[in-house]
Amino acid sequence: MRVSRVNKFIRVGAALLSIGLIISGCRIVHESEDPASKKPTPQGQQQYAGGKQQETKTNLNPLLKQEEFDKVKKYERNHIIYNGPKDKKQVALTFDDGPDPRYTKQVLEILKQNDIKATFFLIGQHVKQHPDLVKQEIDEGHTIASHSWEHKQLPKLSPDQLKEDLNKTRDAIKEASGKEVMLMRPPYGDAKGIGETIKKEGFLIVNWDVDTNDWRGRTPEQMFEVIQKFTGNGSIILHHDGGGNRSNTVSSLNKTIQTLKSKGFEFVTVDQMLGIRPYAN
Ligand SMILES: [Zn+2]
């Protein structure tokens, strides 16, 4: 009698364990979805990938030195970097979709007044049109990087088209600035299924963990609220200095910088935050 009761307990226990495993299995499958495929959340916080992840074990990037790979690999989730070290009080401001003569100069002026360096993810077509602005970004000590040729959703391109897009953009930036960029941000943060290809072309993929949602027409107050709420050590903050009306971005910037400064954050470029070179040359 006692033995059969014990058996019953074992059977019930095993059943509960199986249910638990099934549930946690579902969660792992869900969490391993490529976070880059998700649009930025209304709250402005990019979700971190959790659970089971595709780990980066070898350096696929021919331009990235082994010592640089060793530094960045711990920040990569499905081939994408979302933030830097959590043990340093540093943040990186990033600006996408420029250069744009309407807003880039204003952003550069604010950064200069505050003695801050930022990272600009450039559209190849815009670089061709405004090489002087790219030169100014370099001359003023900022980091420049790629944001594709014309802001297409890169996973929709064929492998050859993707490689052509990446290299055409890098060549245009090199022609304008003399720099062979190593950092890139895919449009919409979307590198689903193409992370390895991008790396093999010599790029490091950098998204963000704080999204101001300025491209959604947020007011300066709303952007500021998101930054206040979500910025922490190692945050990479997304703004835009092109691709639409960015006057609210420009208006919000001074207050953002002042507040983060008063909280003790140091502003660095993405390459400084990760401890790697921004350019291959
Ligand atoms: Zn963009």
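On a predicted model such as this, the values are computed, not experimentally measured, just so you know.

**Student:** Give a description of the overall build of the chain that names residues and reports values.
**Tutor:** Broken down by element type, the chain carries 10 helices and 10 strands. By the burial criterion, 51% of the 281 residues in the chain qualify as buried. A sequence separation of at least 24 residues applies to 78% of the contacts in the chain between residues at least 6 apart.

**Student:** Which residues make up the coordination of the zinc ion, and what values do they have?
**Tutor:** Distances from the zinc ion to its protein donors, Asp-97 (OD), His-147 (NE2) and His-151 (NE2), fall within 2.0 to 2.1 Å. Of note, the zinc ion draws all its donor residues from one chain, in the sequence arrangement D-x49-H-x3-H. Remark: His-147 occurs in the loop between strand S5 (143-146) and helix H6 (159-177) and Asp-97 occurs in strand S3 (residues 90-98); sequence separation between them is 50 residues. Assigned by exposure class, Asp-97 and His-147 land together as buried.

**Student:** Just give me the short version of helix H3 (residues 104-113), but keep the residues and values in it.
**Tutor:** Of all the positions in H3, only Thr-104, Val-107, Leu-108, Ile-110 and Leu-111 are classed as buried. Relative to the axis of H3, the buried residues are bounded by an arc of 160° and lie together on one face. Those residues of H3 that are exposed and aimed more than 90 degrees away from the buried face are Lys-112 and Gln-113. Contact partners of the buried residues in H3: S3, strand S4 (119-122), helix H5 (131-139) and helix H9 (247-262). Positive backbone phi, approximately 55°, marks Asp-115, located one or two places after H3.

**Student:** Kindly report on the nonpolar core, identifying the contributing residues and their values.
**Tutor:** The biggest cluster of nonpolar side chains holds 44 residues, and the ones touching the most others in it are Leu-93, Phe-95, Leu-111, Phe-120, Ile-144, Ile-198 and Ile-257. Of all the elements in the fold, those that place two or more residues in this core are S3, H3, S4, H5, H6, helix H8 (220-230) and H9. In contact with Ile-144, other than residues within four places in its own chain, are Phe-120, Leu-122, Val-134, Glu-137, Ile-138, Ile-173, Ser-177, Lys-179, Val-181 and Tyr-279. Ranked by size, the runner-up nonpolar core spans 20 residues in total, among them Leu-64, Phe-121, Trp-208 and Met-273.

**Student:** Now, about the packing of aromatic side chains: what can you tell me, with residues and values included?
**Tutor:** Applying the stated criterion across every chain, the model contains 1 aromatic pair. Ring geometry for Phe-95 against Phe-120: centres 5.3 Å apart, planes inclined by 25°, an arrangement best described as stacked. Of the two residues, Phe-95 is situated in strand S3 and Phe-120 in strand S4; the sequence distance between them amounts to 25 residues. The ring of Phe-265 has Lys-89 sitting right over it, with the charged end atom 4.1 Å from the ring centre.

**Student:** Hey, could you go over the environment of Lys-88 for me, with residue numbers and the actual values?
**Tutor:** Examined against the element boundaries, Lys-88 turns out to sit in the loop between strand S2 (80-81) and S3. Along the sequence, Lys-88 and Phe-265 sit 177 residues apart, while their C-alpha atoms lie 8.8 Å from each other. Not counting chain neighbours up to four residues away, the residues in contact with Lys-88 comprise Asn-233 and Gly-234.

**Student:** Quick one: what's the story with the pairing of S5, residue by residue and with numbers?
**Tutor:** Every second residue of S5 is oriented toward a common face, with Thr-143 and Ala-145 on one face and Ile-144 and Ser-146 on the other, all of them buried. Sheet topology places S4 next to S5; 4 bridges connect them, and they run parallel. What sits directly across from Phe-120, in S5, is Ile-144.

**Student:** I'd like a rundown of the pattern of salt bridges, residues and numbers included.
**Tutor:** Under the criterion given, the structure shown has 12 salt bridges. Note that Glu-140 is salt-bridged to Lys-112, the shortest N-O span being 3.5 Å. Placement of the pair is Glu-140 in the loop between H5 and S5 and Lys-112 in helix H3, with a sequence separation of 28 residues. Salt-bridge contacts for Glu-175 lead to Lys-128; the nearest nitrogen and oxygen are separated by 3.3 Å. Within this pair, whereas Glu-175 is found in helix H6, its partner Lys-128 is found in helix H4 (residues 124-129), the two being separated by 47 residues in sequence.

**Student:** Explain H8 to me, and be specific about the residues and the numbers.
**Tutor:** All buried positions along H8 are accounted for by Pro-220, Met-223, Phe-224, Val-226 and Ile-227. Viewed end-on, H8 has its buried residues packed into an arc of 160°, placing them on one side of the element. In H8, the exposed positions angled more than 90 degrees off the buried face are occupied by Glu-221, Glu-225 and Lys-229. Those residues of H8 hidden inside the fold are in contact with strand S8 (210-211), strand S9 (235-240) and H9.

**Student:** Lay out the packing of H3 against H5 in plain terms, naming residues and giving numbers.
**Tutor:** If you want to describe how two helices pack, look at the angle between their axes and the distance between the axes. Contact geometry for H3 and H5: axes closest at 11 Å, N-to-C directions at 10°. On the basis of the axis angle, H3 is roughly parallel to H5. Residues Thr-104, Lys-105 and Leu-108 of H3 form the contact with H5, whose participating residues are Leu-133, Gln-136 and Glu-137.

**Student:** Describe the packing of H3 against H9, with residues and values.
**Tutor:** Two elements in contact, H3 and H9, have axes whose closest approach is 10 Å; the angle formed by their N-to-C orientations is 15°. Here H9 runs roughly parallel to H3, going by the angle between their axes. Here H3 runs over H9; the crossing is right-handed. Here H3 contributes Gln-106, Val-107, Ile-110, Leu-111 and Gln-113 to the contact with H9, which in turn contributes Val-250, Leu-253, Asn-254 and Ile-257.

Rules used throughout
- Residues numbered from 1 in each chain as written.
- Predicted model: local features only at pLDDT ≥ 70, side-chain atom pairs only at ≥ 80, totals over all residues.
- Heavy atoms only, no water.
- Helix = DSSP H or I, 4+ residues; strand = E, 2+ residues; numbered from the N terminus.
- Buried < 20%, exposed > 50% of the residue type's maximum accessible area, 1.4 Å probe, protein only.
- Contact = heavy atoms within 4.5 Å.
- Donors = N, O, S within 2.8 Å, 3.2 Å for Na, K, Ca; no water.
- Arc of directions from axis to C-beta.
- Core = buried A, V, L, I, M, F, W, Y, C linked by side-chain atoms within 4.5 Å.
- Phe/Tyr/Trp six-rings, centres within 6.5 Å; stacked < 30°, edge-to-face > 60°.
- Lys NZ or Arg CZ within 6 Å of the ring centre and 35° of its normal.
- Pairing = 2+ DSSP bridges.
- Salt bridge = Lys/Arg side-chain N within 4 Å of Asp/Glu carboxyl O.
- Axes fitted to C-alpha atoms, helices over the stretch in contact; angles between N-to-C directions.
- Parallel < 35°, antiparallel > 145°, perpendicular 65-115°, else oblique.
- Left-handed = near helix turned anticlockwise from the far one by under 90°.

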